[in-house]
Amino acid sequence: MKKILIAIGILLLVSVGMAQSSKSANSSAKATTSANVTGAEISFAKKTIDYGTLHIGDVRVVEMVYTNTGKKPLILDNVTTNCDCTKVDWSKKPVMPGKTGVIKVTYTAKNVGLISKWVTVMSNAETDRVVLRTSGEVK
């Protein structure tokens, strides 16, 4: 019974994450293609991180570069992860229009299996929430 409840909980979390990602992707496409952006806007060159194959105890650090494509300073309010195996670090300083910033994502392999995590970036941008996906495998 306990295993069934855990499985149902995991499925609910994954479906909520997918729904948020879809909604975020749709609003992101609208905001970044609009010529009427008047505030800050965040844009990532890529929204996925592939850690490849890791072994227990391996640590992988990836820097995700983002650009303020808006017209006002961009401030990251919060960057969160869905797992204690993933840590994030980012500058709290505003990113001026046309400039770039970096979010450092550190993953520590703790369990054998496929990696499927996400990093949620919240900011003052017109697209105020962006979800970055991570993947890989721990052997």
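For the structure itself, consult the block above.
Below, the structure is looked at part by part. (Residues numbered from 1 in each chain as written. Predicted model: local features only at pLDDT ≥ 70, side-chain atom pairs only at ≥ 80, totals over all residues. Heavy atoms only, no water.)

## Quick word on the overall build of the protein chain
Across its full length, the protein chain carries 1 helix and 8 strands. Starting at the N terminus and walking to the C terminus, you meet the elements of the protein chain as α-β-β-β-β-β-β-β-β. Taken across its 139 residues, the protein chain has 33% of its residues classed as buried. Partitioning the intrachain contacts of the protein chain with sequence separation of at least 6 by distance along the chain shows that 68% fall at a separation of at least 24. (Helix = DSSP H or I, 4+ residues; strand = E, 2+ residues; numbered from the N terminus. Buried < 20%, exposed > 50% of the residue type's maximum accessible area, 1.4 Å probe, protein only. Contact = heavy atoms within 4.5 Å.)

## Comments concerning the pattern of salt bridges
Counted according to the given criterion, the structure contains 1 salt bridge. Among the salt bridges present, the one from Lys-110 reaches Asp-84, with a minimum N-O distance of 3.8 Å. Of this pair, Lys-110 sits in the loop between strand E6 (100–108) and strand E7 (113–123) while Asp-84 sits in the loop between strand E4 (76–81) and strand E5 (86–90); the two residues are 26 residues apart in sequence, bridging distant segments of the chain. Using a relative accessible area of 42% as the deciding quantity, one classes Lys-110 as partly exposed. Residue classification places Asp-84 among the exposed positions, given a relative accessible area of 52%. (Salt bridge = Lys/Arg side-chain N within 4 Å of Asp/Glu carboxyl O.)

## Some remarks on the nonpolar core
Ranked by internal contacts, the top residues of the largest apolar core, which has 27 residues, are Ile-42, Phe-44 and Ile-103. Listing elements by their share of this core, those giving two or more residues are strand E1 (42–44), strand E2 (48–54), strand E3 (59–68), E4, E6, E7 and strand E8 (129–138). Ignoring any residue separated from it by four or fewer positions in sequence, one finds Ile-103 in contact with Phe-44, Val-62, Glu-63, Met-64, Tyr-66, Leu-76, Val-79, Val-88, Asp-89, Trp-90 and Val-121. (Core = buried A, V, L, I, M, F, W, Y, C linked by side-chain atoms within 4.5 Å.)

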